[in-house]
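Each chain, written out:
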Amino acid sequence: MGWVGDAVESIKSLQIRQVLLQAVSLGMIVTSALIIWKGLMCVTGSESPVVVVLSGSMEPGFKRGDILFLHMSKAPIRAGEIVVFNVDGREIPIVHRVIKVHERKDTGEVDVLTKGDNNFGDDRLLYAQGQLWLQRHHIMGRAVGFLPYVGWVTIIMTEKPIIKYLLIGALGLLVVTSKD
C-alpha cells in the first residue's frame, strides 16, 4: 500500500482519546515556545530578542541568513554599536551600525544615525520622510551575539511558501499518525 496508505490507515484507526492526547501535546509544545519567547523578551529587554539578517548590507560582519541575538539595556547607545531598528511605515526591522550619536542639549535625549557596513551612504533615505535621526523608541536592541547561516531556514520558508506548507503538513501528519 505504501507510506501514504499506511498513514491513512493509521489516521482511520485513531480513537478520540488518542486524538485529544495528541492535540494537547501539540498545544503544550506551542505554549512552551511562546513562554520561552516571552521569557527571552523579559530577560533581554527587547521586543524581538532574536532576528534574522535579511540582506547583505552588513557584510562582511554579518551575512544574509545569520541570526542575531539582541539585548536592550538602559546604557546610552554609542557610535560603532550594531543596532536593530524599526522605521515608521516599515514592518521589517533593519540591522545596521550606529555611525553618529547626537545628544540634545535641552532634553538630554540621544538621537542616532545608522549605516550598513556594506552601504555607501547613511540610512537617512531609509528613515521615514523628513526624519533625520533615530530616537530610542525606534531601536529594538543591540546585537550581542550571532549564529551564522542558521536563519536561512526562515528566509527560505518566507521566500518559498510552498516549502513552509509542505513542512507544516508533514509535521502535522507525523503528529497525527504517531502512537504515544
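Residues numbered from 1 in each chain as written. Predicted model: local features only at pLDDT ≥ 70, side-chain atom pairs only at ≥ 80, totals over all residues. Heavy atoms only, no water.

### Structural notes on the nonpolar core
- Ranked by size, the top nonpolar core spans 14 residues in total, and within it I77, F85 and I139 carry the most contacts.
- For this core, the secondary structure elements donating two or more residues are β3 (82-85), β4 (94-103) and β5 (110-115).
- Counting 10 residues, the second largest nonpolar core, distinct from the first, contains V51, M58, F62 and V95. (Core = buried A, V, L, I, M, F, W, Y, C linked by side-chain atoms within 4.5 Å. Buried < 20%, exposed > 50% of the residue type's maximum accessible area, 1.4 Å probe, protein only. Helix = DSSP H or I, 4+ residues; strand = E, 2+ residues; numbered from the N terminus.)

### Section: the sheet that holds strand β1 (residues 50-52)
- Strand order in the open sheet formed by six strands is β1-β2-β6-β3-β4-β5, and the pairing between neighbours is antiparallel. Strands at the two margins of the open sheet, each flanked by one partner only, are β1 and β5. In this sheet, adjacent strand axes meet at a mean angle of 50 degrees when their direction is disregarded.
- Here six bridges tie β4 to β5, and the two strands are oriented antiparallel to one another. (Pairing = 2+ DSSP bridges. Axes fitted to C-alpha atoms, helices over the stretch in contact; angles between N-to-C directions.)

### Things to note about the domain arrangement of the chain
- Here the domain parsing of the chain yields domain 1 (2-44 + 153-177) and domain 2 (50-149).
- Each of domain 1 and domain 2 has a C-alpha centre, and the two are 34 Å apart.
- Taken residue by residue, the interface counts six residues in domain 1 and nine residues in domain 2.
- Both faces considered, domain 1 and domain 2 share a buried interface measuring about 550 Å² in area, 58% of it formed by carbon and sulfur atoms.
- Taken as a group, W37, T44 and I155 account for 71% of the area that domain 1 buries against domain 2, more than any other trio of residues on that side.
- The tally of links from domain 1 across to domain 2 stands at one salt bridge.
- The residue R64 makes a salt bridge to E159 at a minimum N-O spacing of 2.3 Å.
- Connecting domain 1 to domain 2 are two residue pairs in polar contact (both at pLDDT 80 or more). (Domains from an automatic or database assignment. Contact = heavy atoms within 4.5 Å. Buried area = accessible area lost by both parts, 1.4 Å probe. Salt bridge = Lys/Arg side-chain N within 4 Å of Asp/Glu carboxyl O. Polar contact = N/O pair within 3.5 Å; in protein donor to acceptor, adjacent residues only side chain to side chain.)

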